[in-house]
Amino acid sequence: MSVAEVHEPVGAGTAAPVLELVNGSVRYGGSGTPAISNVSLALRPGEILGLVGESGCGKSTTARAMLGLAPLTSGRVLLHGTEVVTNDKRLTKDKRLRAAVQAIFQNPAASFNPKRSLLDSVAEPLRVHGTNSAAERRRRALAELDRVGITAAMASRRPHEVSGGQCQRAAIARATILRPEVLVCDEPVSALDVSIQAQILELLSELRSENRLAMLFISHDLGVIAALCDRTAVMYAGKIVEQADALELVHAPRHPYSVILQDSAPSLDISAEPVTRLPSRSSPDVVDGRQLAGCGFAALCPSADDLCHTTHPPLAPLSQAHDTACHHPYTPEPAPAEGSSRPAAD
Amino acid sequence: MNQAATERLLTVRDLRVEFPTADGTVRAVDNVSLDLGYGERLGIVGESGSGKSVLSRTIMGLTRSRTARVTGEVILDGRSVLDLSERSRRSMWGRDVAMVFQDPLSSLHPIMPIGEQIAEAVRRDASVTRREAGARAVQLLETVGVPLAAQRAKARAHELSGGMRQRVAIAMAIACRPKLIIADEPTTALDVTVQARILDLFDELCREFRIGLVMISHDLGVVGRHTDRIAVMYAGRIAERGPVAHVFARPAMRYTSALMAAIPRHDGARRTLPRPIRGLPPNLADPPAGCRFSPRCAHAGDACHEAAPALVEVEGEPGHEYACWHPGSDVTPPGGAGQGQGPAPAHPTSSEVLR
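This one's a predicted model, so the numbers in the text were calculated from it and none came from an experiment.

Caption draft 1: Structural detail: the domain arrangement of chain B. All names here are of chain B. We note that the domain assignment places domain 1 (1–96 + 179–191 + 208–234), domain 2 (103–177) and domain 3 (251–355) within chain B. Residue contributions to the side of domain 1 that touches domain 3 peak at five residues, all from strand β2 (residues 24–37). The residue makeup of the side of domain 1 that touches domain 3, split by class, is five nonpolar, six polar and three charged.

Caption draft 2: The sheet that holds strand β9 (residues 229–234) of chain B, seen in detail. Residues and elements named next belong to chain B. Taken in spatial order, the eight strands make up an open sheet running β6-β7-β8-β3-β9-β10-β12-β11, and their pairing is mixed. Two strands close off the open sheet at either side, each with one partner strand: β6 (97–100) and β11 (312–313). With respect to the sheet, helix α1 (residues 52–60) is in contact with β3 (41–45), β6, β7 (180–184), β8 (212–217) and β9, its orientation differing from that of β7 by roughly 155°. Helix-sheet contacts for helix α7 (residues 162–174) involve β6 and β7, and the interaxial angle to β6 is about 175°.

Caption draft 3: Inspection of the interface of chain A and chain B at higher detail. On the chain B side, the residues contacting the 41 residues of chain A number 46 residues. Looking at the side of chain A that touches chain B, the elements that each hand over two or more residues are α7 (194–211), α8 (222–228), α9 (246–251) and α10 (256–264) of chain A. Looking at the side of chain A that touches chain B, the element that brings in the most residues is α7 of chain A, giving seven residues. Taken together, the residues of the side of chain A that touches chain B sort by class into 22 nonpolar, 14 polar and five charged.

Caption draft 4: Summary view of the pairing of strand β1 (residues 19–26) of chain A. All names here are of chain A. Burial of β1 is extensive: six of the eight residues sit out of reach of the surface. Where β1 and strand β4 (residues 72–79) come together, six bridges link them in antiparallel fashion. Looking at the pairing, S25 lines up with S74 of β4. Sheet topology note: the β1/strand β2 (residues 36–43) ladder contains five bridges and is antiparallel.

Caption draft 5: Representation of unusual backbone geometry. At A237 of chain A, a position not held by glycine, the phi torsion is positive, near 50°. Here A237 of chain A is to be found in the loop between β9 (231–236) and β10 (239–245). Of note, L148 of chain B is a non-glycine position whose phi angle comes to about 50°, a positive value. If you trace the backbone, L148 of chain B turns up in the loop between α5 (130–143) and α6 (149–152).

Caption draft 6: Broad picture of the environment of R138 of chain A. Residues and elements named next belong to chain A. Along the chain, R138 turns up in helix α4 (residues 134–147). Along the primary structure R138 and L119 are separated by 19 residues, whereas in three dimensions their C-alpha atoms are 7.4 Å apart. The contact partners of R138, leaving out residues within four places of it in the chain, are L119 and A123.

Caption draft 7: A look at the confidence of the model for chain B. Residue and element names in this part refer to chain B. Mean pLDDT over chain B works out to 88, with 92% of the residues at or above the 70 mark. Every residue in residues 1–5 scores below 50 in pLDDT, and together they form four contacts with partners more than four places removed in sequence or on other chains. Predicted confidence for residues 334–355 stays below pLDDT 50, and this span has 35 contacts to residues more than four positions away or in other chains. Both confidence scores are given for the complex: pTM 0.86, ipTM 0.82.

Caption draft 8: Highlighting α7 of chain A. Counted at 1.5 Å a residue, the expected span for α7 of chain A with its 18 residues is 26 Å, and the 26 Å between its end C-alpha atoms agrees. On the buried face of α7 of chain A, the contacting elements are β3 (48–52), α6 (164–176), β7 (182–186), β8 (214–219) and α8 of chain A together with α11 (254–262) of chain B. A positive phi of about 50° marks R212 of chain A, the residue just after α7 of chain A.

Caption draft 9: Expanded view of the confidence of the model for chain A. Residue and element names in this part refer to chain A. Taken over all residues, the pLDDT of chain A has a mean of 86, while the share at 70 or more is 87%. At the level of individual helices and strands, chain A shows its lowest average pLDDT in helix α2 (residues 95–100), which scores 82, and its highest in β3, which scores 97. Low pLDDT (under 50) marks residues 1–12, which in the prediction has 29 contacts with non-local residues, meaning those over four places away or in another chain. Segment residues 338–346 is flagged for pLDDT under 50; beyond a separation of four residues in sequence, or across chains, it makes eight contacts in the model.

Caption draft 10: Representation of the sheet that holds β1 of chain A. Residue and element names in this part refer to chain A. Read from one edge of the open sheet, four strands run β2-β1-β4-β5, paired in antiparallel fashion. Strands with a single pairing partner mark the edges of an open sheet, and in this sheet they are β2 and β5 (82–83). Strand contacts of helix α1 (residues 59–66): β1, β2 and β4, with the helix running at about 125° to β1, the strand carrying the most contacts.

Caption draft 11: Structural context of the pairing of β3 of chain B. All names here are of chain B. Counting buried residues along β3, five of its five residues qualify, which places the element largely inside the surrounding structure. The alternating pattern of β3 places R41, G43 and V45 and L42 and I44 on opposite faces, both of which are buried. Looking at chain direction, β3 and β8 are connected through five bridges and run parallel. Bridging from a neighbouring strand, R41 pairs with L213 of β8. Sheet topology places β3 next to β9; four bridges connect them, and they run parallel. Residue pairing across strands places L42 opposite R229, the latter belonging to β9.

Rules used throughout
Residues numbered from 1 in each chain as written. Chains lettered and ligands numbered in written order. Predicted model: local features only at pLDDT ≥ 70, side-chain atom pairs only at ≥ 80, totals over all residues. Domains from an automatic or database assignment. Helix = DSSP H or I, 4+ residues; strand = E, 2+ residues; numbered from the N terminus. Nonpolar A, V, L, I, M, F, W, Y, C, P; charged D, E, K, R; others polar. Pairing = 2+ DSSP bridges. Contact = placed C-beta atoms within 7 Å. Axes fitted to C-alpha atoms, helices over the stretch in contact; angles between N-to-C directions. Buried ≥ 20, exposed ≤ 12 C-beta atoms within 10 Å, placed from the backbone. pLDDT = per-residue confidence, 0-100. Expected span 1.5 Å × (residues − 1).

Here it is, written out as structure tokens:
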């Protein structure tokens, strides 16, 4: 049983997970080091789970594993508790399952057929899933596009004739037209300008509340994660190193990598001195954590000792609904009593 | 700062860059003026299509007269860039001004070892021998924080991580000790932890070698701590500019605060969605009349749709200028404990001042 299964999900009651990845490992092309190892994540109805980490840490592989697109070397994917990705029954082969789990990606223009109108592309899933009347498909596709803010006039354009934000809206319409239960979003706003990015985040947030969609939301931007997500999982070198309520992770991170990640994020608050809770030891991009025997972060971690270099710490609950994989979790110094405006962590 | 007029590294006056297109003339940069001192860091912030990259390429002398109409003045270290011959412009690149781009992989040679590429840049100074240049390349790699520099010098670009590649690009940029570096979204493709290191590196280089820096970014957060002054661009024009602390604390042009409110905060006390800016940036072949932000602005009145506001100075904040008929801020100053509405503008509105 994965650790995530026993947790009280935040903001979603005790609803059973819709989609779960249990102890998933993926190894590409028979290479020695796994892209991800022993990753467990559970998505619950109406809940957005953020997945954050640096490039190459395994975020997209995790998403692909949950979509049944990456070959699991071990572990299981469960939809409503039923195993759906096995050798004879892949998520990608079963139409019904595919309708339940949909995805949007970073570059929407690349996921559309350049020669077809947005309307045609958005209507296509209906055709695949048995809506035979062309008029009916058109009507429903227009309604879905309207819901995401694309007018009928714009729907007849091709992907390169609309802006990146409009194209991403159409991609969302195509993903939601089959009324999926799960939406996997892999860096959906990273390529967009901030003003447009905020529009898409608002739209995703509305879809979540209207349809009780469960979402896996991948981003390298902590701001985006903190604004949208209920829970956040932090990934490093192919493993989940911390998982907690999104706000708690922002204000009381325990894994040293999460702390350094928070400290590095640019802030609009330039009046105060930058907070550096932990110094990072070396340049973060010279070590491949997957090659290390112990904790993947040990070579860069200011708190690492001999134990960290030899033994990988398991992901374990440090407090209620807060898991950390660390031998020496960060504990903040007792705050000096000088009316600091930093919110206290519960 | 700007009082020392003789100390100016870069002066841009009334710069206009127009591209004739099938849909009409696109004025990508419209009447932009800027100053930069030696060792000073200027951030230029704006969304895609705001003209920030065209502006920076024009400062470099990279906007070609065959495709663009350029008017105005660009004075770099006492020389008028727009009047230079092709040859003197080439000799200026690297020695006076160097550029760092978003994607270092596309500006590095795919199979030449990075040490040789840097040495090639060093040898633009003809008096340096091949051997000296090689040694200097390793030194430069050390300066920009590449570990095991002598060994790494033999590596090819694709063998390095994104952050290391960007360090190599920076090493090449500083190889001939330029007076000005233009960095166009230098950290956008990097992870936050790596981004923080690269931004610190720019700070050190500017301080140590008195290099002037123009840093272009779409992200206000990135430029905030790592520049002295910022200019916010919208649709080819400067919407607001001034010392970074003043602009961040009291944004006056409505676009600036709308841009701030649209940035998702990672350090907020509550979970709040960022506030989107409605609509899209204008089509520059057919820009709206008056203030170019007016069709998207929540505060726009009749004046905004009729006449473009000029840049005016905020009272008591020298150098902090904005172009807005209804100035004020929609954001709670970051770090402030209070929720709800932002403070009223601390200065008379420009509509009162100018009408």
